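# Structural features, examined
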Amino acid sequence: MTHAEQTSNATPASLDSARQLAAALLSERGEASGALIARELQQTMRRLDVDGRQGFQRYLAAHFQPDAAALRDAAQRYLADSTAATAAALAQAADPPRQEVLRRMNMAPGGTASLIAMRSEIAKRFATEPELKLLDADLKHLFASWFNRGFLELRRIDWDSPAAVLEKLIAYEAVHAIKGWDDLRRRLAPDRRCFAFFHPALPGEPLIFVEVALVEGLATAVPPLLVQDTDAEAARSRAAHADTAIFYSISNCQDGLRGVSFGNFLIKQVVEELQAEFPQLKRFSTLSPIPGFRRWLGQQPAAAEDAAMLRELDRDSWWRDASTSERLRPFLMKRCAQYLTRSPASGNRIDPVARFHLGNGARLERINWLGNTADRAMQESFGIMVNYLYDHDSIERNHEAFAREGEIVRSPQVDALL
(Lines give C-alpha, C1' and ligand atoms only; values in the text may rest on other atoms or scores of the structure.)
Protein backbone atom coordinates (compact mmCIF):
# COMPACT_ATOMS: atom_id res chain seq x y z
CA MET A 1 0.00 0.00 0.00
CA THR A 2 1.42 3.40 -0.95
CA HIS A 3 1.86 6.31 1.43
CA ALA A 4 -0.94 8.16 -0.39
CA GLU A 5 -3.28 5.16 0.01
CA GLN A 6 -2.47 4.89 3.70
CA THR A 7 -3.27 8.57 4.10
CA SER A 8 -6.46 8.10 2.08
CA ASN A 9 -7.68 5.31 4.37
CA ALA A 10 -7.12 7.47 7.40
CA THR A 11 -8.54 10.72 6.04
CA PRO A 12 -11.24 12.67 7.87
CA ALA A 13 -14.55 13.48 6.22
CA SER A 14 -13.36 17.02 5.46
CA LEU A 15 -10.64 15.69 3.13
CA ASP A 16 -13.19 13.57 1.30
CA SER A 17 -15.38 16.66 1.01
CA ALA A 18 -12.47 18.66 -0.39
CA ARG A 19 -11.82 16.02 -3.04
CA GLN A 20 -15.50 15.90 -4.01
CA LEU A 21 -15.70 19.69 -4.24
CA ALA A 22 -12.55 19.86 -6.40
CA ALA A 23 -14.08 17.30 -8.78
CA ALA A 24 -17.35 19.24 -8.76
CA LEU A 25 -15.52 22.35 -9.96
CA LEU A 26 -14.97 20.62 -13.32
CA SER A 27 -18.53 19.30 -13.61
CA GLU A 28 -21.49 21.02 -15.25
CA ARG A 29 -22.48 22.14 -11.78
CA GLY A 30 -19.06 23.66 -11.40
CA GLU A 31 -19.44 25.71 -14.58
CA ALA A 32 -22.82 27.04 -13.42
CA SER A 33 -21.93 27.83 -9.81
CA GLY A 34 -18.14 27.76 -9.72
CA ALA A 35 -17.74 30.67 -7.33
CA LEU A 36 -20.07 29.08 -4.80
CA ILE A 37 -18.31 25.69 -4.97
CA ALA A 38 -14.90 27.40 -4.82
CA ARG A 39 -15.96 29.26 -1.69
CA GLU A 40 -17.18 26.02 -0.09
CA LEU A 41 -13.92 24.27 -1.03
CA GLN A 42 -11.91 27.14 0.45
CA GLN A 43 -13.79 26.86 3.73
CA THR A 44 -13.30 23.08 3.75
CA MET A 45 -9.57 23.43 3.11
CA ARG A 46 -9.24 25.76 6.10
CA ARG A 47 -10.54 22.97 8.33
CA LEU A 48 -7.91 20.48 7.16
CA ASP A 49 -5.00 19.66 9.43
CA VAL A 50 -1.47 19.17 8.05
CA ASP A 51 -2.09 15.56 7.00
CA GLY A 52 -5.37 16.55 5.39
CA ARG A 53 -3.78 19.39 3.43
CA GLN A 54 -1.00 17.15 2.22
CA GLY A 55 -3.52 14.50 1.20
CA PHE A 56 -5.49 17.04 -0.79
CA GLN A 57 -2.33 18.31 -2.46
CA ARG A 58 -1.43 14.75 -3.47
CA TYR A 59 -4.95 14.31 -4.82
CA LEU A 60 -4.59 17.43 -7.01
CA ALA A 61 -1.21 16.24 -8.28
CA ALA A 62 -2.37 12.70 -9.11
CA HIS A 63 -5.73 13.52 -10.70
CA PHE A 64 -7.00 15.89 -13.41
CA GLN A 65 -4.44 14.73 -15.98
CA PRO A 66 -4.91 15.26 -19.74
CA ASP A 67 -7.04 12.63 -21.49
CA ALA A 68 -4.43 10.24 -22.92
CA ALA A 69 -6.56 9.10 -25.87
CA ALA A 70 -7.55 12.64 -26.83
CA LEU A 71 -3.94 13.82 -26.52
CA ARG A 72 -2.67 10.94 -28.68
CA ASP A 73 -5.32 11.67 -31.33
CA ALA A 74 -4.46 15.38 -31.36
CA ALA A 75 -0.74 14.60 -31.68
CA GLN A 76 -1.37 12.27 -34.61
CA ARG A 77 -3.53 14.89 -36.33
CA TYR A 78 -0.78 17.47 -35.88
CA LEU A 79 1.92 15.15 -37.24
CA ALA A 80 -0.28 14.36 -40.27
CA ASP A 81 -1.17 18.01 -40.93
CA SER A 82 0.97 20.60 -39.11
CA THR A 83 -1.31 23.63 -39.27
CA ALA A 84 -2.09 26.37 -36.78
CA ALA A 85 -5.46 24.74 -36.14
CA THR A 86 -4.03 21.29 -35.33
CA ALA A 87 -1.31 22.90 -33.19
CA ALA A 88 -3.99 24.75 -31.20
CA ALA A 89 -5.98 21.53 -30.81
CA LEU A 90 -2.85 19.73 -29.58
CA ALA A 91 -2.12 22.48 -27.06
CA GLN A 92 -5.70 22.32 -25.79
CA ALA A 93 -5.55 18.53 -25.42
CA ALA A 94 -2.23 18.78 -23.55
CA ASP A 95 -3.55 21.42 -21.13
CA PRO A 96 -4.14 19.51 -17.87
CA PRO A 97 -7.67 19.87 -16.44
CA ARG A 98 -5.91 20.49 -13.11
CA GLN A 99 -5.14 24.03 -14.29
CA GLU A 100 -8.86 24.68 -14.76
CA VAL A 101 -9.54 23.30 -11.28
CA LEU A 102 -6.95 25.74 -9.88
CA ARG A 103 -8.42 28.62 -11.89
CA ARG A 104 -11.85 27.93 -10.44
CA MET A 105 -10.43 27.53 -6.92
CA ASN A 106 -9.07 31.04 -7.39
CA MET A 107 -12.63 32.41 -7.69
CA ALA A 108 -13.13 32.10 -3.92
CA PRO A 109 -12.31 35.06 -1.67
CA GLY A 110 -8.74 34.52 -0.54
CA GLY A 111 -8.25 31.91 -3.25
CA THR A 112 -5.05 33.45 -4.61
CA ALA A 113 -3.40 33.61 -1.19
CA SER A 114 -4.45 30.01 -0.53
CA LEU A 115 -2.87 28.77 -3.76
CA ILE A 116 0.35 30.69 -3.07
CA ALA A 117 0.51 29.10 0.38
CA MET A 118 -0.09 25.67 -1.20
CA ARG A 119 2.85 26.13 -3.59
CA SER A 120 5.08 27.18 -0.70
CA GLU A 121 4.10 24.07 1.26
CA ILE A 122 4.60 21.50 -1.49
CA ALA A 123 8.10 22.78 -2.34
CA LYS A 124 9.39 21.28 0.91
CA ARG A 125 8.37 17.75 -0.16
CA PHE A 126 9.68 17.40 -3.72
CA ALA A 127 12.49 15.07 -2.62
CA THR A 128 10.09 12.53 -1.10
CA GLU A 129 7.05 13.21 -3.29
CA PRO A 130 8.31 14.16 -6.77
CA GLU A 131 4.79 13.82 -8.20
CA LEU A 132 4.01 17.16 -6.54
CA LYS A 133 6.20 18.84 -9.16
CA LEU A 134 3.29 18.49 -11.62
CA LEU A 135 1.09 20.56 -9.32
CA ASP A 136 3.93 23.02 -8.77
CA ALA A 137 4.43 23.49 -12.53
CA ASP A 138 0.73 24.21 -13.04
CA LEU A 139 0.65 26.73 -10.19
CA LYS A 140 3.76 28.49 -11.50
CA HIS A 141 2.25 28.61 -15.01
CA LEU A 142 -0.94 30.24 -13.69
CA PHE A 143 0.90 32.66 -11.39
CA ALA A 144 2.99 33.90 -14.33
CA SER A 145 -0.27 35.07 -15.93
CA TRP A 146 -2.04 36.29 -12.81
CA PHE A 147 0.96 38.28 -11.61
CA ASN A 148 2.12 39.81 -14.88
CA ARG A 149 3.28 43.42 -14.87
CA GLY A 150 -0.11 44.76 -15.96
CA PHE A 151 -1.65 43.76 -12.62
CA LEU A 152 1.13 45.03 -10.37
CA GLU A 153 0.99 48.36 -8.56
CA LEU A 154 4.18 50.14 -7.52
CA ARG A 155 3.92 52.00 -4.22
CA ARG A 156 6.46 54.00 -2.30
CA ILE A 157 6.68 52.89 1.32
CA ASP A 158 7.43 55.59 3.87
CA TRP A 159 7.00 56.19 7.58
CA ASP A 160 3.33 57.09 7.00
CA SER A 161 2.52 53.77 5.32
CA PRO A 162 0.16 51.44 7.23
CA ALA A 163 1.78 49.82 10.26
CA ALA A 164 0.87 46.35 8.96
CA VAL A 165 2.89 46.98 5.79
CA LEU A 166 5.84 48.34 7.78
CA GLU A 167 5.80 45.25 10.01
CA LYS A 168 5.92 43.04 6.92
CA LEU A 169 8.88 45.03 5.64
CA ILE A 170 10.76 44.16 8.82
CA ALA A 171 9.72 40.50 8.60
CA TYR A 172 10.46 39.99 4.90
CA GLU A 173 13.81 41.80 4.64
CA ALA A 174 16.07 39.03 3.33
CA VAL A 175 19.39 40.79 2.70
CA HIS A 176 20.12 43.14 5.61
CA ALA A 177 17.97 42.40 8.66
CA ILE A 178 15.98 45.36 9.97
CA LYS A 179 16.68 45.61 13.70
CA GLY A 180 13.48 47.17 14.95
CA TRP A 181 11.56 50.37 14.34
CA ASP A 182 14.49 52.78 14.72
CA ASP A 183 16.42 50.91 12.04
CA LEU A 184 13.36 50.94 9.78
CA ARG A 185 12.89 54.70 10.30
CA ARG A 186 16.48 55.26 9.09
CA ARG A 187 15.80 53.21 5.94
CA LEU A 188 12.79 55.41 5.21
CA ALA A 189 14.60 58.71 5.87
CA PRO A 190 14.64 61.60 3.32
CA ASP A 191 17.86 60.32 1.69
CA ARG A 192 16.45 56.79 1.40
CA ARG A 193 13.62 55.34 -0.66
CA CYS A 194 11.70 52.09 -0.46
CA PHE A 195 9.32 50.83 -3.15
CA ALA A 196 7.21 47.68 -3.36
CA PHE A 197 4.98 45.90 -5.85
CA PHE A 198 1.45 45.00 -4.72
CA HIS A 199 -1.29 42.95 -6.39
CA PRO A 200 -5.06 43.58 -6.02
CA ALA A 201 -5.66 39.94 -5.02
CA LEU A 202 -3.29 40.38 -2.03
CA PRO A 203 -4.14 43.78 -0.54
CA GLY A 204 -1.57 44.94 1.97
CA GLU A 205 0.86 42.14 1.08
CA PRO A 206 4.05 43.32 -0.66
CA LEU A 207 5.29 40.91 -3.34
CA ILE A 208 8.81 42.32 -3.61
CA PHE A 209 10.46 45.48 -2.33
CA VAL A 210 13.65 47.38 -2.97
CA GLU A 211 15.58 49.71 -0.64
CA VAL A 212 17.52 52.59 -2.17
CA ALA A 213 20.16 54.95 -0.78
CA LEU A 214 20.73 58.37 -2.39
CA VAL A 215 24.46 59.08 -2.14
CA GLU A 216 27.38 60.83 -3.81
CA GLY A 217 29.62 58.43 -5.70
CA LEU A 218 29.45 54.66 -5.92
CA ALA A 219 28.85 53.10 -2.49
CA THR A 220 31.29 50.26 -1.81
CA ALA A 221 30.19 49.07 1.65
CA VAL A 222 26.94 48.40 3.48
CA PRO A 223 27.60 49.80 7.00
CA PRO A 224 27.57 53.49 5.94
CA LEU A 225 24.19 52.91 4.28
CA LEU A 226 22.68 51.46 7.44
CA VAL A 227 24.24 53.73 10.06
CA GLN A 228 21.72 55.33 12.39
CA ASP A 229 21.20 59.02 11.68
CA THR A 230 18.25 60.94 13.11
CA ASP A 231 19.03 64.33 11.51
CA ALA A 232 16.24 64.63 8.93
CA GLU A 233 17.46 68.00 7.65
CA ALA A 234 20.94 66.62 6.96
CA ALA A 235 19.33 63.65 5.17
CA ARG A 236 17.31 66.01 2.96
CA SER A 237 20.48 67.88 2.10
CA ARG A 238 22.25 64.64 1.17
CA ALA A 239 19.35 63.67 -1.07
CA ALA A 240 19.47 67.03 -2.83
CA HIS A 241 23.19 66.63 -3.54
CA ALA A 242 23.13 62.93 -4.42
CA ASP A 243 24.31 61.87 -7.87
CA THR A 244 23.89 58.11 -7.41
CA ALA A 245 21.03 55.82 -6.42
CA ILE A 246 22.24 52.60 -4.77
CA PHE A 247 19.87 49.63 -4.73
CA TYR A 248 21.20 47.87 -1.65
CA SER A 249 18.45 45.38 -0.88
CA ILE A 250 15.86 43.55 -3.00
CA SER A 251 13.64 41.11 -1.12
CA ASN A 252 11.03 38.71 -2.48
CA CYS A 253 8.24 38.38 0.04
CA GLN A 254 6.15 35.43 -1.17
CA ASP A 255 7.93 32.08 -1.27
CA GLY A 256 5.00 30.61 -3.21
CA LEU A 257 5.76 32.99 -6.09
CA ARG A 258 9.38 31.88 -6.53
CA GLY A 259 10.35 31.77 -10.19
CA VAL A 260 7.80 34.45 -11.11
CA SER A 261 9.97 37.42 -11.98
CA PHE A 262 9.10 40.87 -10.62
CA GLY A 263 12.55 42.30 -9.99
CA ASN A 264 13.39 43.47 -13.50
CA PHE A 265 10.13 45.44 -13.74
CA LEU A 266 10.63 46.79 -10.24
CA ILE A 267 14.12 48.16 -10.90
CA LYS A 268 13.16 49.79 -14.20
CA GLN A 269 10.10 51.50 -12.74
CA VAL A 270 11.93 52.64 -9.62
CA VAL A 271 14.63 54.19 -11.82
CA GLU A 272 11.90 56.16 -13.62
CA GLU A 273 10.38 57.28 -10.31
CA LEU A 274 13.75 58.40 -8.95
CA GLN A 275 14.70 60.24 -12.15
CA ALA A 276 11.44 62.17 -11.99
CA GLU A 277 11.97 63.13 -8.33
CA PHE A 278 15.76 63.68 -8.49
CA PRO A 279 16.76 64.74 -12.02
CA GLN A 280 20.35 65.28 -10.86
CA LEU A 281 20.91 61.52 -10.41
CA LYS A 282 23.50 60.27 -12.92
CA ARG A 283 24.08 56.67 -11.85
CA PHE A 284 21.88 53.77 -10.82
CA SER A 285 23.78 50.91 -9.25
CA THR A 286 23.35 48.02 -6.86
CA LEU A 287 25.49 47.07 -3.90
CA SER A 288 24.93 43.33 -4.06
CA PRO A 289 25.92 40.16 -2.21
CA ILE A 290 27.64 37.19 -3.87
CA PRO A 291 25.87 34.26 -2.19
CA GLY A 292 27.58 31.47 -4.13
CA PHE A 293 31.22 32.60 -4.04
CA ARG A 294 32.54 30.84 -0.92
CA ARG A 295 30.85 27.55 -1.82
CA TRP A 296 32.28 27.71 -5.36
CA LEU A 297 35.79 28.50 -4.14
CA GLY A 298 35.70 25.57 -1.75
CA GLN A 299 34.93 23.24 -4.67
CA GLN A 300 37.90 24.37 -6.81
CA PRO A 301 41.21 22.48 -6.93
CA ALA A 302 43.78 24.47 -4.97
CA ALA A 303 47.55 24.74 -5.26
CA ALA A 304 49.54 24.36 -2.05
CA GLU A 305 49.82 28.13 -1.56
CA ASP A 306 46.10 28.61 -2.19
CA ALA A 307 45.26 25.80 0.23
CA ALA A 308 47.23 27.55 2.94
CA MET A 309 45.25 30.76 2.34
CA LEU A 310 41.97 28.86 2.44
CA ARG A 311 42.94 27.45 5.83
CA GLU A 312 43.55 30.98 7.08
CA LEU A 313 40.08 31.95 5.90
CA ASP A 314 38.59 29.33 8.22
CA ARG A 315 39.91 31.25 11.24
CA ASP A 316 37.37 33.35 13.15
CA SER A 317 37.60 37.10 12.55
CA TRP A 318 40.61 36.87 10.22
CA TRP A 319 39.52 40.13 8.59
CA ARG A 320 39.99 42.05 11.85
CA ASP A 321 43.76 41.63 11.56
CA ALA A 322 44.95 44.24 9.03
CA SER A 323 48.07 42.38 7.89
CA THR A 324 46.18 39.10 7.39
CA SER A 325 43.39 40.88 5.54
CA GLU A 326 45.77 42.63 3.15
CA ARG A 327 47.71 39.42 2.51
CA LEU A 328 44.52 37.55 1.56
CA ARG A 329 42.96 40.39 -0.39
CA PRO A 330 44.65 39.92 -3.83
CA PHE A 331 43.96 36.18 -3.80
CA LEU A 332 40.27 36.53 -2.91
CA MET A 333 39.58 39.50 -5.19
CA LYS A 334 41.08 37.72 -8.19
CA ARG A 335 39.21 34.51 -7.48
CA CYS A 336 35.98 36.46 -6.99
CA ALA A 337 36.48 38.20 -10.35
CA GLN A 338 37.02 34.79 -11.95
CA TYR A 339 33.84 33.48 -10.34
CA LEU A 340 31.72 36.41 -11.48
CA THR A 341 33.03 36.50 -15.07
CA ARG A 342 32.48 32.81 -15.92
CA SER A 343 30.21 32.59 -18.96
CA PRO A 344 26.96 30.61 -18.61
CA ALA A 345 27.47 29.60 -22.25
CA SER A 346 30.19 27.20 -21.01
CA GLY A 347 27.72 25.38 -18.79
CA ASN A 348 28.79 27.20 -15.62
CA ARG A 349 26.31 27.72 -12.82
CA ILE A 350 26.15 31.49 -12.47
CA ASP A 351 25.77 33.24 -9.12
CA PRO A 352 22.00 33.81 -8.70
CA VAL A 353 22.30 37.52 -7.91
CA ALA A 354 24.71 38.02 -10.81
CA ARG A 355 22.36 36.17 -13.17
CA PHE A 356 19.48 38.41 -12.14
CA HIS A 357 21.29 41.72 -12.69
CA LEU A 358 23.31 40.71 -15.75
CA GLY A 359 20.16 39.25 -17.28
CA ASN A 360 18.46 42.61 -16.73
CA GLY A 361 21.22 44.41 -18.65
CA ALA A 362 23.43 45.65 -15.83
CA ARG A 363 27.23 45.81 -16.11
CA LEU A 364 29.58 44.19 -13.61
CA GLU A 365 31.11 47.46 -12.45
CA ARG A 366 33.20 46.95 -9.32
CA ILE A 367 34.12 44.28 -6.77
CA ASN A 368 34.40 45.66 -3.23
CA TRP A 369 36.69 44.26 -0.55
CA LEU A 370 34.97 43.69 2.83
CA GLY A 371 31.86 45.54 1.74
CA ASN A 372 29.87 43.72 4.40
CA THR A 373 31.35 41.94 7.42
CA ALA A 374 28.05 40.72 8.86
CA ASP A 375 28.05 36.99 9.70
CA ARG A 376 25.99 35.90 6.71
CA ALA A 377 28.09 37.89 4.24
CA MET A 378 31.33 36.48 5.64
CA GLN A 379 29.94 32.93 5.40
CA GLU A 380 28.78 33.37 1.82
CA SER A 381 31.41 35.56 0.19
CA PHE A 382 34.14 36.50 2.71
CA GLY A 383 32.44 39.90 2.96
CA ILE A 384 33.04 40.85 -0.69
CA MET A 385 30.27 42.77 -2.46
CA VAL A 386 29.59 43.91 -6.02
CA ASN A 387 28.30 46.98 -7.82
CA TYR A 388 26.13 46.19 -10.85
CA LEU A 389 25.63 49.37 -12.87
CA TYR A 390 22.42 50.09 -14.77
CA ASP A 391 23.38 52.41 -17.59
CA HIS A 392 20.32 53.48 -19.58
CA ASP A 393 22.15 53.66 -22.91
CA SER A 394 23.59 50.14 -22.72
CA ILE A 395 21.00 48.08 -20.82
CA GLU A 396 19.45 46.48 -23.91
CA ARG A 397 22.84 45.79 -25.50
CA ASN A 398 24.17 44.24 -22.29
CA HIS A 399 21.06 42.12 -21.90
CA GLU A 400 21.36 40.76 -25.43
CA ALA A 401 25.06 40.00 -24.98
CA PHE A 402 24.35 38.00 -21.82
CA ALA A 403 21.21 36.25 -23.09
CA ARG A 404 22.57 35.26 -26.52
CA GLU A 405 26.29 34.81 -26.02
CA GLY A 406 26.67 34.42 -22.27
CA GLU A 407 28.94 37.48 -22.32
CA ILE A 408 29.59 39.14 -18.95
CA VAL A 409 29.82 42.85 -19.72
CA ARG A 410 32.27 44.32 -17.21
CA SER A 411 34.31 47.40 -16.43
CA PRO A 412 38.09 47.87 -16.81
CA GLN A 413 38.37 47.77 -13.00
CA VAL A 414 37.07 44.20 -12.98
CA ASP A 415 39.32 43.22 -15.88
CA ALA A 416 42.29 44.55 -13.92
CA LEU A 417 41.59 42.04 -11.14
CA LEU A 418 41.84 39.19 -13.64
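Structure: see above.
Residues numbered from 1 in each chain as written. Predicted model: local features only at pLDDT ≥ 70, side-chain atom pairs only at ≥ 80, totals over all residues. Heavy atoms only, no water.

## Quick notes on the overall build of the chain
- In terms of helices and strands, the chain carries 22 helices and seven strands.
- C-alpha extents for the chain along the principal axes are approximately 70 × 55 × 50 Å.
- For the chain, the residues scored as buried account for 47% of the 418 residues in total.
- Of the roughly 20,700 Å² of accessible surface on the chain, 51% is carried by carbon and sulfur atoms.
- Of the side chains in the chain, 51 bear a positive and 54 a negative charge, and the two mean positions are spaced by 2 Å. (Helix = DSSP H or I, 4+ residues; strand = E, 2+ residues; numbered from the N terminus. Buried < 20%, exposed > 50% of the residue type's maximum accessible area, 1.4 Å probe, protein only. Areas by Shrake-Rupley, 256 points an atom, 1.4 Å probe, with all protein chains shown as cover. Lys, Arg positive; Asp, Glu negative; His and termini not counted. Charge placed at Lys NZ, Arg CZ, Asp CG, Glu CD.)

## Considering the pairing of strand S5 (residues 283–286)
- Here strand S4 (residues 244–252) pairs with S5 via four bridges, running parallel. Among the inter-strand pairings, Phe 247 is bridged to a residue of S5, identified as Thr 286. (Pairing = 2+ DSSP bridges.)

## Observations regarding unusual backbone geometry
- Within the chain, Phe 64 stands out as a residue other than glycine whose phi angle is a positive 60°.
- For Phe 64, the position within the fold is in the loop between helix H5 (50–62) and helix H6 (68–80).
- The class of Phe 64 is buried, set by a relative accessible area of 13%.
- Of note in the backbone geometry, Phe 382 takes a positive phi value of approximately 55° without being a glycine.
- Position of Phe 382 among the secondary structure elements: in the loop between helix H20 (375–381) and strand S7 (385–389).

## A short note on the packing of aromatic side chains
- Summed over the entire model, instances satisfying the criterion amount to 12 aromatic pairs.
- Plain terms: the ring middles of Phe 143 and Phe 147 are 6.0 Å apart, the flat faces sit at 90° to each other, and that makes the pair edge-to-face. Both residues of the pair, Phe 143 and Phe 147, count as buried.
- Ring geometry for Trp 296 and Tyr 339: centres 5.2 Å apart, planes at 40°, overall tilted. In this pair, Trp 296 sits in helix H16 (residues 293–298) while Tyr 339 sits in helix H18 (residues 322–340), placing the two residues 43 residues apart along the sequence. (Phe/Tyr/Trp six-rings, centres within 6.5 Å; stacked < 30°, edge-to-face > 60°.)

## Description of the environment of Glu 400
- Its location among the elements puts Glu 400 in helix H21 (residues 395–405).
- Judged by its relative accessible area of 32%, Glu 400 is partly exposed.
- A polar contact of 2.8 Å, which involves the side chain of Glu 400, links it to the side chain of Arg 404. (Polar contact = N/O pair within 3.5 Å; in protein donor to acceptor, adjacent residues only side chain to side chain.)

## Some words on the nonpolar core
- Grouped together as the largest cluster of nonpolar side chains are 91 residues, with contacts concentrated most on Phe 56, Met 105 and Leu 274.
- Ignoring sequence-local partners within four residues, the contact set of Leu 274 consists of Arg 193, Phe 195, Val 212, Leu 214, Ala 245, Phe 247, Leu 281 and Phe 284.
- Counting residues in hydrophobic clusters, the runner-up holds 12 residues, among them Leu 184, Leu 188, Phe 198 and Cys 253. (Core = buried A, V, L, I, M, F, W, Y, C linked by side-chain atoms within 4.5 Å. Contact = heavy atoms within 4.5 Å.)

## Description of the side chain of Asp 183
- Note on placement: Asp 183 falls in helix H12 (residues 181–187).
- Within polar-contact distance, the side chain of Asp 183 engages the backbone nitrogen of Lys 179 at 2.8 Å.

## Here we look at the layout of surface pockets
- If you add up the space inside the largest pocket, you get close to 1,200 Å³.
- Lining the largest pocket are 49 residues, and of these Ala 174, Val 175, Ile 250, Pro 289 and Arg 376 sit closest to its centre.
- Mapped by element, the contributors of at least two residues to the lining of the largest pocket are H12, helix H13 (223–226), S4, helix H19 (352–359) and H20.
- If one sorts the elements of the lining of the largest pocket by residue count, S4 sits on top with six residues.
- Looking at the lining of the largest pocket residue by residue, the classes come out as 26 nonpolar, 14 polar and nine charged. (1 Å grid on protein atoms, 1.4 Å probe; cavity = no way out; pocket = protein on both sides within 12 Å on 5 of 7 lines; lining within 4 Å. Points joined across faces, edges and corners; volume = space filled by probe spheres on them. Nonpolar A, V, L, I, M, F, W, Y, C, P; charged D, E, K, R; others polar.)

## Examining the side chain of Asn 368
- On the secondary structure map, Asn 368 appears in strand S6 (residues 363–368).
- Given the relative accessible area of 5%, Asn 368 is considered buried.
- Polar side-chain contacts of Asn 368 include one of 3.0 Å to the side chain of Asn 387.
- Once residues lying within four places of it in the same chain are set aside, the contact partners of Asn 368 are Ala 219, Thr 220, Leu 287, Met 333, Gly 383, Ile 384, Met 385, Val 386 and Asn 387.

## Describing the packing of helix H2 (residues 13–25) against helix H4 (residues 34–46)
- Look at H2 against H4: their axes get within 9 Å of each other, and the N-to-C directions meet at 160°. As the angle between them shows, H2 and H4 are arranged roughly antiparallel. Two packed elements cross with a definite hand, and for H2 against H4 that hand is left-handed. Between H2 and H4, the contacting residues are Ser 14, Ser 17, Ala 18, Leu 21, Ala 22, Ala 24 and Leu 25 on the first element and Gly 34, Ile 37, Ala 38, Glu 40, Leu 41 and Thr 44 on the second.
- Along the lines of polarity and charge, the residues of the contact of H2 with H4 split into eight nonpolar, four polar and one charged. (Axes fitted to C-alpha atoms, helices over the stretch in contact; angles between N-to-C directions. Parallel < 35°, antiparallel > 145°, perpendicular 65-115°, else oblique. Left-handed = near helix turned anticlockwise from the far one by under 90°.)

## A short note on the environment of Ile 246
- Residue placement: Ile 246 occurs in strand S4.
- With sequence-adjacent residues up to four places away left out, Ile 246 is seen in contact with Glu 211, Val 212, Ala 213, Val 215, Leu 218, Ala 219, Leu 225, Ser 285, Thr 286 and Leu 287.

## Notes on the pattern of salt bridges
- A complete count under the given rule lists 30 salt bridges for this structure.
- Across the pair Glu 312 and Arg 327 runs a salt bridge, and its minimum N-O distance is 2.4 Å. Of this pair, Glu 312 sits in helix H17 (residues 304–313) while Arg 327 sits in helix H18, placing them 15 residues apart in sequence.
- You can call Glu 312 buried: its relative accessible area is 19%. (Salt bridge = Lys/Arg side-chain N within 4 Å of Asp/Glu carboxyl O.)

## Concerning the pairing of S4
- Most of S4 is tucked away, with seven of its nine residues classed as buried.
- One ladder, built from eight bridges, connects strand S3 (residues 208–215) with S4; its direction is antiparallel. Of the residues in S4, the one forming a bridge with Leu 214 is Ala 245.

Any functional reading would require information that these geometric values do not contain.
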